[in-house]
Structures are given as C-alpha cells and as structure tokens.
Amino acid sequence: MSAQDAWKRELAALTRLAVPVVLSELGWMAQGVVDTIMVGGLGPAAIGAVAIGNAVFYTPSLLGIGILLGLDPLVAQAYGRKDYDECHRWLAQGIYLAMFIAPILMILVFSASFGFTRFGIKPEVALPATAYVRILNWSLPPLLVYGAARRYLQGVGQVRVITLTYVIANLLNWGGNWVLINGHLGFPAMGVRGSALSTVVARIFMGLSLLGLAWRYERQRGHPLFQHWAKPQLDRIRQLIRLGLPAAGQITLEVGAWNVATLSAGWLTPIALATHQIAINYASLTYMVPLGISAAASVSVGHAVGAGDKARARRAGWLALALGTAFMMLAGLVFFIAPRPLIELFTHDPQVLAVGPSLLWIAAAFQIFDGVQTVCTGALRGLGKTRAPMFANLIGYWFLGLPLGMILCFVLKWGIYGMWLGLTLALIIISITLLRRWNKDSEHMTIVHAEA
C-alpha cells in the first residue's frame, strides 16, 4: 500500500468513527441547549438559574466522567491486540468505580447548592437554581454508568448505537420539558424544576440503554459480556484511577474555568448572565464537534498502538487535527457573520441583543485554538498520555486566563467581555502547548500498554 493510500484509508476509518461520536457529543450538548431554550419563556432569571445550576452540577459530575476517560486507551489498546476478554474486564472495573464515586460527588453537588446566595448570586436567580440543581443531582449515578458503557462501546468501535441512544434521550427530554415546565397533559407547572426532572429521566434511559446495547453486541459476537463478569479488582481500579485522574483533572479544570466565568457573570446583572449563557451555549455547541473528533482520535490512536503500528497512530492523530481545525474555522466564520440571528433563536430581549454579538465575535476568535487543544487531548489520551493536558489547562486557565479575565472584568470594568478575553488567551496558550506535545510524543513514542 502506498503512503497516499494509507492516508486515505485512515481518513475513511477515522471519519466513520468520528461522525457518530460527533453526533453523540452534539446530543449531549443538546440536552442543555433544549433546557435553556424551553425555560427561556420564563425570563432571563430562569435562563440564569439553569446556567448556574448546570455550572455547579457539571464540575463535580465531569470529574467522575473524566476519571472514566481512562477506559479509552485501556479498552482501545486491548481491542487493537484482539484481547476481547480484557475489554470486558475493564468495563466491569469502570462500572464498579462509577458506583463508588457517584455518592461522593452527589454529596458535593448537594452541599454546593446551599451557597448560591452566599456567593452574591441575585435571589431571583439563586432560589430556582437551588431547586434545579437538587433535582438534577439524581441524574449523576445513571450518567456515570452511561459514561463507563460509552467509553467501552467507543473503544470496541461501536459508536452508532451511542448516537441512537442520544436521539431517543433528547426526544424524551424535549417531551418532558414541554409537559413539566409550563404544565401540560394535566401535570403541574414546575418551571425550572420540571426541566431538571425531565433531564433525570432521560439520563436514566441513557445509562440503562448503553449497558443493554453493550450486552447485545457482545452476545452477537459470541463473547457474552456478563457470562464471566469480573469481580472488583483493586489493582485494576487503581490503574484506571491513575490513568483517568489526570484526564479528569484536565476536563474539570477546563469546564471549571468556564463555570467560574458563569458564576462571575452572576455577580454582574441577570442580563449579563443570560447573554453569557447564550453565547457559551453556542461556543459549547461547536466545541462538541472537535470533542467528538477527539474521542475518535483517542480510539483510533489506541487501536494502532495496541496493534503495534506507530505510523498509523501518528496518521490518525494528524488527520483528526485537520478535521477538527477545518470545522472550527467554519464555525468561527458563522459566529462572525451572523451573531444577532443566532442570539434571536434564544431571545428577543433588546438588552441581551445589544450585548450578545460582541461575545460571539470573541468566540469566533478562539474557535480554531479550542479545536486544536481538544483534538490534541484525545490523541494524546490514545497514547496513554493524560498528564500533559491536565498541566496545560491548569497553567493556561487558572494561572493566566482566569486571573486576567477577573482583572479585566471587575477591576478595569470591561464586564463580561473582559472575562471572555482572558479565557481566550488561555485557549491560545493551551493549544500551542498541546500541539507541540503531540508532535513530540507521537514522533518518539514506543509501543507499550497505556501508562498508569
């Protein structure tokens, strides 16, 4: 096979894997977008309550999901070696770990719900946000089960069923929002509490469905998933934690930084908070595409490493970077050209429409950098390298971007624009750092199992 044919073949394989994963990531994001749009009729305070509630919920929950990211290289590399029983054993340990950490994270979320007013959030936002997050907290155990099952299915190349599950879950969430927010079909009008309850039901469905689909897939292949279900193995769980904890740290530092920005917007005005939430929904929506490509890169690189093919691993990573960067260039162009029509999909409030376009222009400026850092993180994870992205996010966001954003926002009085400019600097630094690290590690890698 010529070098050109090898690149074409790898691009086709990566695209087949990436498209369903991207759709799944968009489905994940759609839950939050649907919640925000459907509570929008209740006013800016309701939009802000959902924003604050999600900010508090997602930082601890993504810590749990992030730990389970350690399954990516472990399952993918085992599958690349055709060691299917090893794949099963890693799924079992992932489920045990998810069930252990879920109660701990739920306690953290519940405790945080008492602090909204103490941190200066306006009462008209703080009270519904408290009710929202306490109901949403019950979605954490099924969300972590879903996370473990999803990492397994992606690792063995079964990604279309994940997309199908998200389509059904989003229909359930949309229908539940319609019924419960304003009260239809005889149900009481629950406001933002109804939106949270609808999301809980959808996530229970997601967790149970992916476990069932994993069982169905393995039974058809003649490798029954539960016939020799592994017992808890502390050495494996420790290895999963050692590999997954830096990945969890990376995603928690990244999402936590943007959640701090959301909380900071809550210290300004309800209009600033609502505008920030709409803009971040769009930035998060486009982010889901390179995030899906990142997951595909992790699996493709992991399969190549497991098969002992260094050149293929490097091709997969660079092709994923090209796909992610191309999409984010287009997304940035859309943000720059049509900010006002995008904001009008959420609200026609004149004050929000006055502030929003400038935030989307800032988002347009950092799209490419966001895509590069996201795909590099996944490619490095496929190599079993999870520490570099964590340290890059720690320095980029928490030592540089957030402090600068706070100064611009509150000291120099630039408002929410200053916070977003600080975070843009962080993304530029992180993307350059991780791109250099991927180039170095993929060039000089040795074919071994994922590093613990």
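Note that the structure is predicted; figures quoted are calculated from it, not measured.

Participant: Describe the layout of surface pockets, and please don't skip the residues or the numbers.
Facilitator: When its volume is computed, the largest pocket comes out at roughly 630 Å³. Along the walls of the largest pocket sit 24 residues, with Ala13, Arg16, Tyr79, His303 and Arg312 positioned nearest its centre. When residues of the lining of the largest pocket are assigned to their parent elements, the largest contribution, 7 residues, is made by helix H1 (residues 3-39). Taken together, the residues of the lining of the largest pocket sort by class into 11 nonpolar, 5 polar and 8 charged.

Participant: Got a sec to walk through the environment of Trp398? Specific residues and values, please.
Facilitator: With respect to the secondary-structure elements, Trp398 resides in helix H14 (residues 387-411). Note on Trp398: relative accessible area 31%, which makes it partly exposed. In the structure, Trp398 is positioned 142 residues away from Gly256 in sequence and 9.5 Å away in space, judged by C-alpha atoms. Those residues in contact with Trp398, other than ones at most four positions away along the chain, are Leu253, Gly256, Ala257, Val260, Asn393 and Pro403.

Participant: Please give an account of the packing of helix H9 (residues 234-266) against helix H15 (residues 416-443) that cites residues and values.
Facilitator: Between H9 and H15, the least distance of the axes is 10 Å, while the angle of their chain directions is 170°. The orientation of H9 relative to H15 falls into the category roughly antiparallel. Each of Ala257, Trp258, Ala261, Ser264 and Ala265 in H9 lies in contact with H15, whose residues at this interface are Ile416, Met419, Trp420, Leu423 and Leu427. Taken together, the residues that form the contact of H9 with H15 break down as 9 nonpolar, 1 polar and no charged.

Conventions and cut-offs
- Residues numbered from 1 in each chain as written.
- Predicted model: local features only at pLDDT ≥ 70, side-chain atom pairs only at ≥ 80, totals over all residues.
- Heavy atoms only, no water.
- 1 Å grid on protein atoms, 1.4 Å probe; cavity = no way out; pocket = protein on both sides within 12 Å on 5 of 7 lines; lining within 4 Å.
- Points joined across faces, edges and corners; volume = space filled by probe spheres on them.
- Helix = DSSP H or I, 4+ residues; strand = E, 2+ residues; numbered from the N terminus.
- Nonpolar A, V, L, I, M, F, W, Y, C, P; charged D, E, K, R; others polar.
- Buried < 20%, exposed > 50% of the residue type's maximum accessible area, 1.4 Å probe, protein only.
- Contact = heavy atoms within 4.5 Å.
- Axes fitted to C-alpha atoms, helices over the stretch in contact; angles between N-to-C directions.
- Parallel < 35°, antiparallel > 145°, perpendicular 65-115°, else oblique.

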